[in-house]
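Coordinates in review
The primary structure of each chain is shown beneath.
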Amino acid sequence: MSKFFAWLLVGMLCIGLAGFSITSFGGGATPVAKVGDTEVTANEYALALQAELRGFSQQMGVNVTLPMAVEAGVDRQVQAQLINRATLDNETAKVGLSVGDEHVARLLAETPGFIGLDGSFDREAYRFTLQQSGLTESQFEESVRADAARSLYEQATLGGITAPESLVDNALAYVAGRRDFTWAIVDEALLDEELPEATEEDLVAYHAANEDAFTLPARKRITYAWVTPTDLIDEVDVAEEELRALYNDRAEQYQVPERRLVERLVFSSEEAAASAKSMIDAGETTFQSLVEGRGLTMGDVDLGDQSKADLGEAGDAIYAMEEPGIIGPLPTDLGPALFRMNAILSAQTTTYEEALPELREELVGDVARRRIEDSLEEIDDKLASGVSLEQLAEETSLTLGTIEWSEDVTDGIAGYGAFREAAAELQEGDFEQAILLEDGGVFAMRFEAEVPPRLQDLSEVRADVREAIRNERLQEALTAKAEELQAAIQAGADPVTLGLTVTIETDQTRTAYIEGTPADFMETVFAMEIGEGRNIPTENGVIFVRLDASNGPDLENPEVVALRSALEASLGQSITQDALAALSDTLRASEGLTINEAVVNAVHANFTQ
């Protein structure tokens, strides 16, 4: 009986392994998928899935597990890629297309990862790379042969596909088309009369009609006790010796020597520098022209404020100058140079007495932070022993407070990120504990109650209601004024005579940024007809815009020419990919596709083990 059960167990194990059959993902295992006579082996799928997981992890910045990838559909993407490749490989084999050993050898020799330091094929690097990838040389070389043949097939069937000229032109017109337009801001200054003040009846009616705008969200009522280093300043004494020592340590900050604001232009020789200086002196050129003539900007030659020591051998001559000017040639580590001295910065000395408040505040703050840090354990011990926050405030330097907190509350202690984070997680019954604040302070909190949403009484939000009414009336008045002005302009009136400050824009592309306009302003302009005028509401008023001209791309601009070439290549590639996908679908439909989900699951199981 025992032998019977033993053989039964072995038999069940064999049946299971027969279905699994891919412990090493070898080439002779049951395939994951099959198109015609061409298989996608479990080993190919495992390696491709592993590579995709690695790339996905690098992209996300975290270790992406297989379950995470499956949820994102990565496994199906990998399967689709391998099946498409198998489809084309199957057709390539059917038409008898292949490449010889010499072509494969040449491809291997040209692979960067297999080239040694001497520039020739490195067999050891080749062997090591394949070993790390879990491939044999024969497996890899057959895959290279298949890739080369597949590439020939794709070129033969799809190589002549290009993007239609009309498609490229339309894409270029969309991206690089230009518009000329006139626009102006219609603001309150253009209104014919002042806005009426809201009456009490107006306030009551608006408040009642817009309850959502004046309803406080659900909040947590929290009792807290806290202290910050600033609260302890008056309790901390600092020795005179420490203050003096800190002042001396900051000597460079409090005793700044005389400095010069200078720019430097280096030349290849003493003669070239002297010739440039002569031209400047003669008024034939300027220092800025010399800089720009080199293809540089003034920022490239600006040294900022420099001490005499900073300027090296040129320091004495530049510091001897009594007013801004150009001097040189002077020696530098980079060669002879002309210097333009732009300003003399006088020496600045801050006495100990002048710096004392700043010094004391810093040292006292450090002492206070250390004192608070040292008290953390004591505070936690008190809370653990049952001391309430009220008692804690009486026995220590902590101050008691209460707040009705929600995510939009940022006043007082709620201005600290540590408090907001703790408040968001706080629940009834949570244990009170000491938590550090960003500035070295500490607090402890207690949940009191959930406060339901509440409509604020008009007396609490009267000013906000009044402002909301005014903003609404202003927007209505500005819109009406803008429509009036638009009608006048469309009838032939000059916008300037109507009191508008007009801005004329020319050759603006769809991606242009026009300061003072909303983010979708250019999209609106490009949707307009020539001569059309529109009023666009903004936070500060209304913008009137009229489209004056619609121009195509500037085909004489080298950047536009390069853009057209890029669009042509990109669109051609996209069309080719679509055609390739359609071809693969047709071939696959005629040859038949089978997917072995059991083997797919077995590969996945190996990943999760």
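Model, not experiment: these values are computed from the prediction.

Ordered in space as 16-3-18-17, the four strands form an open sheet in which the pairing is antiparallel. A strand with exactly one partner marks an edge of an open sheet, and here the two such strands are strand 16 (502-509) and strand 17 (533-538). The average undirected angle you get between the axes of adjacent strands in this sheet is 30°. In this fold helix 19 (residues 458-490) packs onto strand 3 (178-186), strand 17 and strand 18 (541-551), with an angle of close to 30° to the strand it touches most, strand 18.

A cluster of nonpolar side chains, Met60, Val62 and Met68, forms an exposed patch at the surface whose accessible area comes to about 280 Å². Examined against the element boundaries, Met68 turns out to sit in helix 3 (residues 66-71).

Glancing now at the packing of helix 9 (residues 200-209) against helix 19. In helix packing, the relevant descriptors are the interaxial angle and the interaxial distance, both defined with respect to the helix axes. Where helix 9 meets helix 19, the closest approach of the two axes is 9 Å, and the angle between their N-to-C directions is 95°. In terms of their interaxial angle, helix 9 and helix 19 are classed as roughly perpendicular. Contacts from Glu200, Asp202, Leu203, Val204, Tyr206 and His207 of helix 9 reach helix 19 at Leu458, Val461, Arg462, Val465, Arg466, Ala468, Ile469, Glu472 and Arg473. Of the residues that constitute the contact of helix 9 with helix 19, the class distribution is eight nonpolar, one polar and six charged.

Along any regular strand the residues' side chains alternate between the sheet's two faces. The pairing of strand 9 (residues 325-330) with strand 10 (residues 337-345) spans four bridges and is classified as antiparallel. Pairing of Leu330 across the sheet is with Ala337, part of strand 10. The hairpin turn running from strand 9 into strand 10, its antiparallel successor, is six residues long, and Gly335 in that turn takes a positive phi close to 125°.

Burial in helix 10 (residues 240-249) covers these residues: Leu243, Leu246 and Tyr247. Taken around the axis of helix 10, the buried residues stretch over an arc of 100°, which confines them to a single face. Exposed residues pointing more than 90 degrees away from the buried face of helix 10 are listed as Glu241, Asn248 and Asp249. Packing partners of the buried residues in helix 10 comprise helix 11 (251-254), strand 6 (255-256) and helix 16 (352-384).

As a volume, the largest pocket reaches approximately 760 Å³. As for the largest pocket, its lining consists of 27 residues, of which Glu44, Arg85, Glu142, Ser143 and Ala146 are closest to the centre. Put simply, the parts of the chain that give the lining of the largest pocket at least two residues each are strand 2 (38-40), helix 2 (42-60), helix 4 (74-94) and helix 7 (137-158). Element by element, the count of residues in the lining of the largest pocket is highest for helix 7, at nine residues.

Judged by nonpolar contacts, the single largest core of 20 residues is most densely connected at Val32, Tyr45 and Val78. Looking at this core, the elements that each hand over two or more residues are strand 1 (33-35), helix 2, helix 3, helix 4 and helix 22 (597-608). If near-sequence neighbours (up to four positions away) are discounted, Val32 is found in contact with Val40, Thr41, Ala42, Tyr45, Thr594, Ile595, Asn596, Val599 and Val600. Residues Trp226, Ile403, Phe419 and Ala423 belong to the second largest nonpolar core, which totals 18 residues.

Glancing now at the sheet that holds strand 19 (residues 593-595). With antiparallel pairing, the three strands of this open sheet are ordered in space as 2-1-19. This sheet does not close on itself; its edge strands, each paired only once, are strand 2 and strand 19. The mean angle between the axes of side-by-side strands here comes to 15°, regardless of whether they run parallel or antiparallel. Relative to strand 19, strand 1 runs antiparallel, the two being bridged by three bridges. Note on strand 19: the bridge partner recorded for Ala33 is Ile595. Taken strand by strand, helix 4 contacts strand 1, strand 2 and strand 19, and its axis lies near 160° from that of strand 2.

Applying the stated rule across the entire model yields 36 salt bridges. Of the charged contacts in the structure, one is a salt bridge between Asp507 and Arg178, with a shortest N-O distance of 3.3 Å. One end of the pair, Asp507, is in strand 16; the other, Arg178, is in strand 3, and 329 residues separate them in sequence. You can call Asp507 partly exposed: its relative accessible area is 40%. Here Glu568 makes a salt bridge to Arg564, at a shortest N to O gap of 3.9 Å. Here Glu568 pairs with Arg564, and both are found in helix 21 (residues 558-591), just four residues apart, close to one helical turn. Given the relative accessible area of 31%, Glu568 is considered partly exposed. Judged by its relative accessible area of 19%, Arg564 falls in the buried class.

What follows covers the packing of aromatic side chains. Tallied over the full model, the rule gives 12 aromatic pairs. Their ring planes at 75° and their centres at 4.9 Å tell us that Phe114 and Tyr126 sit as a pair that is edge-to-face. Highlighted residues: Phe114 in the loop between helix 5 (101-109) and helix 6 (123-133) and Tyr126 in helix 6, separated in sequence by 12 residues. For the pair Phe114 and Tyr126, a shared accessibility class is recorded, and that class is buried. Plain terms: the ring middles of Trp226 and Tyr416 are 6.0 Å apart, the flat faces sit at 75° to each other, and that makes the pair edge-to-face. Of this pair, Trp226 sits in strand 5 (residues 219-227) while Tyr416 sits in the loop between strand 12 (399-405) and helix 18 (417-425), and the two are 190 residues apart along the sequence. We note that Trp226, like Tyr416, is buried. Through a chain of ring-to-ring contacts, three or more aromatic side chains come together here, namely Tyr224, Trp226, Tyr416, Phe419 and Phe443. The ring of Phe267 is capped by Arg294, whose NZ or CZ atom sits 4.6 Å from the centre of that ring. The side chain of Arg510 reaches across the aromatic face of Tyr174, ending 3.6 Å from its centre.

Rules behind the numbers
- Residues numbered from 1 in each chain as written.
- Predicted model: local features only at pLDDT ≥ 70, side-chain atom pairs only at ≥ 80, totals over all residues.
- Heavy atoms only, no water.
- Pairing = 2+ DSSP bridges.
- Helix = DSSP H or I, 4+ residues; strand = E, 2+ residues; numbered from the N terminus.
- Axes fitted to C-alpha atoms, helices over the stretch in contact; angles between N-to-C directions.
- Contact = heavy atoms within 4.5 Å.
- Patch = residues over 30% accessible without salt bridge, like charges linked within 9 Å, V, L, I, M, F, W, Y side chains within 5 Å.
- Areas by Shrake-Rupley, 256 points an atom, 1.4 Å probe, with all protein chains shown as cover.
- Salt bridge = Lys/Arg side-chain N within 4 Å of Asp/Glu carboxyl O.
- Parallel < 35°, antiparallel > 145°, perpendicular 65-115°, else oblique.
- Nonpolar A, V, L, I, M, F, W, Y, C, P; charged D, E, K, R; others polar.
- Buried < 20%, exposed > 50% of the residue type's maximum accessible area, 1.4 Å probe, protein only.
- Arc of directions from axis to C-beta.
- 1 Å grid on protein atoms, 1.4 Å probe; cavity = no way out; pocket = protein on both sides within 12 Å on 5 of 7 lines; lining within 4 Å.
- Points joined across faces, edges and corners; volume = space filled by probe spheres on them.
- Core = buried A, V, L, I, M, F, W, Y, C linked by side-chain atoms within 4.5 Å.
- Phe/Tyr/Trp six-rings, centres within 6.5 Å; stacked < 30°, edge-to-face > 60°.
- Lys NZ or Arg CZ within 6 Å of the ring centre and 35° of its normal.

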